[in-house]
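# Structural characterization, general
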Amino acid sequence: MEIVISTSALKWFKDEVELKNGDKVKFYPKVYGNSPVQEGFSLGFTVDNYPIDIIVKVEAEGLLFYIEERDLWFFNGHDLHVDYNEKTDEVEYSYTKSKE
């Protein structure tokens, strides 16, 4: 499994969330909504500079984006792609089946 952050999404995180060098962003499942990989759950993020058990991570421009081991079930064998949607001015998630 991997996390892919687009350049435009990275810019959004820096501008809108006001992340600074060394900050860490955790992706985690939320108990409402729907996603293509889990019915009844959606994906959220939070700035969490104190990770417990990172299982997947990607570093970009001094920022760390990660998923903890306890949340890996949500992705159901899929990679996470994070992009920026200019029309909604928000990040959006897509999922592709992992090659592993």
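Before reading further, recall that the structure is shown in the block above.
Residues numbered from 1 in each chain as written. Predicted model: local features only at pLDDT ≥ 70, side-chain atom pairs only at ≥ 80, totals over all residues. Heavy atoms only, no water.

### Regarding unusual backbone geometry
So the rule is basically this: In this description a helix means any DSSP run of H or I spanning at least four residues, a strand means any run of E spanning at least two, and both kinds are numbered starting from the N terminus. Only protein chains enter the calculation, and the probe is 1.4 Å; a residue is then buried if its accessible area is under 20% of its type maximum, exposed if over 50%, and partly exposed in between.
Despite not being glycine, N76 shows a phi value in the positive range, around 45°. Turning to its location among the elements, N76 is positioned in the loop between strand 5 (63-68) and strand 6 (78-85). Even without being glycine, D89 reaches a positive phi, approximately 55°. The exposure class assigned to D89 is partly exposed, which follows from its relative accessible area of 38%.

### Description of the packing of aromatic side chains
Where we set the bar: Ring pairs are drawn from Phe, Tyr and Trp, using the six-membered ring of Trp, whenever the two centres fall within 6.5 Å, and their geometry is named by plane angle: stacked under 30 degrees, edge-to-face over 60, tilted for the rest.
Throughout the structure, instances matching the rule amount to 12 aromatic pairs. Note on W12 and F13: the rings are 5.2 Å apart at their centroids and 85° apart in plane angle, and the pair reads as edge-to-face. An angle of 85° between the planes, with centres 6.1 Å apart, marks the rings of W12 and F45 as edge-to-face. Of this pair, W12 sits in helix 1 (residues 7-16) while F45 is found in strand 3 (residues 42-47), placing the two residues 33 residues apart along the sequence. Taking relative accessible area as the criterion, F45 reaches 26% and is therefore assigned partly exposed. Taken together, the ring pairs connect W12, F13, F27, F45, F65 and Y93 into an aromatic cluster.

### Re the side chain of K26
Rule in force here: Any two residues whose heavy atoms approach within 4.5 Å are treated as being in contact.
Mapped onto the elements of the fold, K26 is located in strand 2 (residues 24-30). Relative accessible area serves as the criterion here: at 9%, K26 is assigned to the buried category. The residues touching K26, leaving out its near neighbours within four places in the chain, are G44, F45, T46, D48, Y66, E68 and R70.

### Describing the sheet that holds strand 4 (residues 54-60)
Stated precisely, the cut-off is as follows: Here, any two strands with at least 2 DSSP bridges between them count as paired. Orientation is described by lines fitted to C-alpha atoms, with helices fitted over the stretch in contact, and by angles between N-to-C directions that extend from 0 to 180 degrees.
Spatially, the 4 strands line up as an open sheet ordered 3-2-5-4, and their pairing is mixed. Here the strands that pair on one side only, and so sit at the sheet edges, are strand 3 and strand 4. Geometrically, the sheet is characterised by an average inter-axis angle of 25° between neighbouring strands, direction not taken into account. With 6 bridges joining them, strand 2 and strand 3 adopt antiparallel strand pairing. Within the sheet, the bridge partner assigned to P29 lies in strand 3 and is L43. Sheet strands touched by helix 1: strand 2, strand 3, strand 4 and strand 5. Its angle to strand 5, the strand with the most contacts, is close to 100°.

### Structural notes on the nonpolar core
Let me state the cut-off plainly: Among the buried residues, those of types Ala, Val, Leu, Ile, Met, Phe, Trp, Tyr and Cys that are joined through side-chain atoms within 4.5 Å form a nonpolar core.
Core analysis: the largest hydrophobic core is formed by 23 residues, its most contacted members being I5, F13, F27, F65, F75, L80 and V82. Where this core is concerned, the elements lending two or more residues are strand 1 (3-5), helix 1, strand 2, strand 4, strand 5, strand 6 and strand 7 (90-97). Here this core gets 4 residues from one element, more than from any other, and that element is helix 1.

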